[in-house]
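# Report on the structure
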Amino acid sequence: MRKQELQNIIALEFAAERLKLRGALRLAEQLREGQLLIRLLLNSRRKLVAKRTLVRWINNHVAKQPANHWLQLLQQCIEEFCVAWSMDEIPSSQLLEWIF
């Protein structure tokens, strides 16, 4: 198998996993855990959320409920977004769109 073909397969597998994650998060939007994040972002007086604040917020929730798979899923998505977003503050609307 050529290198380019292998890279294409890996990219497709990654995209498929991302779609599975997005589907699960759409369901999370309807659950208590997803509502926590939505309320945080929509009720914020500021339109920008500091990445470190967001990461601390989700880590605190996960620490309180380490067996909660929905919180772990939200944590994973928030961490991925923070890595992808180069600035220190994130527009709430961008994060909502990315996750849900």
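First, a word on scope: everything that follows refers to the structure included in this document. Because the structure is predicted, anything quoted here is derived from the model rather than measured.

Helix and strand counts for the chain come out as five helices and two strands. Going from N to C terminus, the chain has its helices and strands arranged as α-α-β-α-α-β-α. For the chain, with 100 residues in total, the buried portion stands at 33%. Of all intrachain contacts in the chain linking residues separated by at least 6 positions in sequence, the fraction that spans at least 24 positions is 66%. When the accessible surface of the chain is split by element, carbon and sulfur atoms take 57% of a total near 7,000 Å².

As a packed pair, helix 2 (residues 32–42) and helix 4 (residues 69–84) sit with axes 8 Å apart at the nearest point and diverge in direction by 40 degrees. It follows from the interaxial angle that helix 2 and helix 4 lie oblique. As for the relative orientation of helix 2 and helix 4, their crossing is right-handed in sense. Only Trp70, Leu71, Leu74 and Ile78 of helix 4 make contact with helix 2, whose side of the interface consists of Glu33, Gly34 and Leu37. Its residues assigned to classes, the contact of helix 2 with helix 4 shows five nonpolar, one polar and one charged.

Moving on, we get to the packing of aromatic side chains. Evaluation of the coordinates by the stated rule reveals one aromatic pair. When the centroid spacing of 5.6 Å and the interplanar angle of 15 degrees are considered together, the rings of phenylalanine 81 and tryptophan 85 count as stacked.

So, on to the nonpolar core. Core analysis: the largest hydrophobic core is formed by 16 residues, its most contacted members being Leu37, Leu41, Leu54, Ile58, Ile78, Ile90 and Leu95. Secondary-structure elements contributing two or more residues to this core are helix 2, helix 3 (51–64), helix 4 and helix 5 (92–99). Sort the elements by how many residues they give to this core and helix 4 lands first, with five residues. When residues no more than four places from it in sequence are discounted, the contact partners of leucine 54 are Leu37, Leu40, Val49, Ile78, Ile90 and Leu95.

Quick notes on the rules
Residues numbered from 1 in each chain as written. Predicted model: local features only at pLDDT ≥ 70, side-chain atom pairs only at ≥ 80, totals over all residues. Heavy atoms only, no water. Helix = DSSP H or I, 4+ residues; strand = E, 2+ residues; numbered from the N terminus. Buried < 20%, exposed > 50% of the residue type's maximum accessible area, 1.4 Å probe, protein only. Contact = heavy atoms within 4.5 Å. Areas by Shrake-Rupley, 256 points an atom, 1.4 Å probe, with all protein chains shown as cover. Axes fitted to C-alpha atoms, helices over the stretch in contact; angles between N-to-C directions. Parallel < 35°, antiparallel > 145°, perpendicular 65-115°, else oblique. Left-handed = near helix turned anticlockwise from the far one by under 90°. Nonpolar A, V, L, I, M, F, W, Y, C, P; charged D, E, K, R; others polar. Phe/Tyr/Trp six-rings, centres within 6.5 Å; stacked < 30°, edge-to-face > 60°. Core = buried A, V, L, I, M, F, W, Y, C linked by side-chain atoms within 4.5 Å.

Function cannot be read off these values alone, since they describe shape.
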